[in-house]
Every structure is written in C-alpha cells, then in structure tokens.
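What follows is each chain in one-letter form.
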Amino acid sequence: MAEEKRAVKGPHNVILEDRRQLSVSGVSDIDSFDEESVVLFTDMGELTVRGYNLHINKLNVETGELTVEGEIHTLIYTDDQPNKKLFARLFK
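Residues numbered from 1 in each chain as written. Predicted model: local features only at pLDDT ≥ 70, side-chain atom pairs only at ≥ 80, totals over all residues. Heavy atoms only, no water.

Draft legend 1. Structural detail: the overall build of the chain. Across its full length, the chain holds one helix and six strands. Counting from the amino terminus, the chain carries its helices and strands in the arrangement β-β-β-β-β-β-α. For the chain, the proportion of its 92 residues judged to be buried stands at 27%. For the chain, the accessible area works out to roughly 7100 Å², and carbon and sulfur atoms hold 50% of it. (Helix = DSSP H or I, 4+ residues; strand = E, 2+ residues; numbered from the N terminus. Buried < 20%, exposed > 50% of the residue type's maximum accessible area, 1.4 Å probe, protein only. Areas by Shrake-Rupley, 256 points an atom, 1.4 Å probe, with all protein chains shown as cover.)

The following block contains the structure:
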C-alpha cells in the first residue's frame, strides 16, 4: 500500500489591524477574490474574508503570505473534513 505524503504545515497567523489591513501566513492557494470577498486555502482550512473595497496588496506563494486591505467585516473558517466524512459514509 502506498503511503500518503502530507505536506509539512508551516505557521498560520492572522493579524487584523483596525479592520483595514489583514495579514495571513500559511496560505497555500487562493480560490477566488473580488472587491467584496477573498476565499483562500490555509493550513488550518478554508478562510473567507468579506468586506468592501478589498484589495490584495501582497501575495507570496513561496512563503504563504498574503496581505489584504479594505473594509474587513467578516473572517470565516470552513473545515472540509466533516463533509468528507459524510460523503464517504453515503457513498460507501
């Protein structure tokens, strides 16, 4: 049986300054973005940032760092693990 390789998780930090500037580390990918939302994948799950006039100022995929500016109203983490378990049981 082939062993499953897991990526080494780096540090994951979220720093929100005055609800205007957000710095996130541990970013692995960005799913989508526009002026009202940014959906990204982190080592700790999917993170959705919502607000107004959002702009990605910095993205470094090598270090996993992201900086977003704008009026930030909501940060939501979504962990896909429970859904995967549910679908695995349904289609077993």
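Let us keep going from here.
Draft legend 2. Highlighting the pairing of strand S2 (residues 21-24). Burial along S2 is one-sided: the residues Leu22 and Val24 are buried and none of Gln21 and Ser23 is. Bridge analysis of strand S1 (residues 14-17) against S2 gives four bridges, and the strand direction is antiparallel. Pairing of Leu16 across the sheet is with Leu22, part of S2. The antiparallel hairpin formed by S1 and S2 contains three residues in its connecting segment, where Asp18 sits at a positive phi of about 55°. With four bridges connecting them, S2 and strand S6 (residues 65-78) associate as antiparallel partners. Considered in S6, the bridge of Leu22 is made with Val68. (Pairing = 2+ DSSP bridges.)

Draft legend 3. Looking closely at unusual backbone geometry. A positive phi is found at Asp18, a non-glycine position, where the angle reads about 55°. With respect to the helices and strands, Asp18 occurs in the loop between S1 and S2. The class for Asp18 is exposed, based on a relative accessible area of 73%. One non-glycine residue, Arg19, lies in the positive phi region at around 55°. When you line up the elements, Arg19 lands in the loop between S1 and S2.

Draft legend 4. Representation of the nonpolar core. Leu22, Val24, Val27, Ile30, Val38, Leu40, Leu47, Val49, Leu54, Leu66, Val68 and Ile72 together form the largest nonpolar core, which totals 12 residues. Elements supplying a minimum of two residues to this core: S2, strand S3 (27-33), strand S4 (37-42), strand S5 (45-60) and S6. Ignoring any residue separated from it by four or fewer positions in sequence, one finds Leu40 in contact with Val24, Val27, Asp29, Ile30, Asp31, Gly45, Glu46, Leu47 and Leu66. (Core = buried A, V, L, I, M, F, W, Y, C linked by side-chain atoms within 4.5 Å. Contact = heavy atoms within 4.5 Å.)

Draft legend 5. Region of interest: the confidence of the model for the chain. Mean pLDDT over the chain: 83, with 76% of residues reaching 70 or higher. Looking over the chain, one finds the lowest element-wise mean pLDDT in helix H1 (residues 81-90), namely 53, and the highest in S2, namely 97. Within the model, pLDDT remains below 50 along residues 1-6, and this stretch shows zero contacts once partners closer than five positions in the same chain are excluded. (pLDDT = per-residue confidence, 0-100.)

Draft legend 6. The arrangement of the side chain of His12 in detail. On the secondary structure map, His12 appears in the segment before S1. From its side chain, His12 meets the backbone oxygen of Ser25 in a polar contact 2.7 Å long. Within polar-contact distance, the side chain of His12 engages the side chain of Tyr77 at 2.6 Å. Setting aside residues no more than four positions away along its own chain, His12 makes contact with Val24, Ser25, Gly26, Thr42, Met44 and Tyr77. (Polar contact = N/O pair within 3.5 Å; in protein donor to acceptor, adjacent residues only side chain to side chain.)

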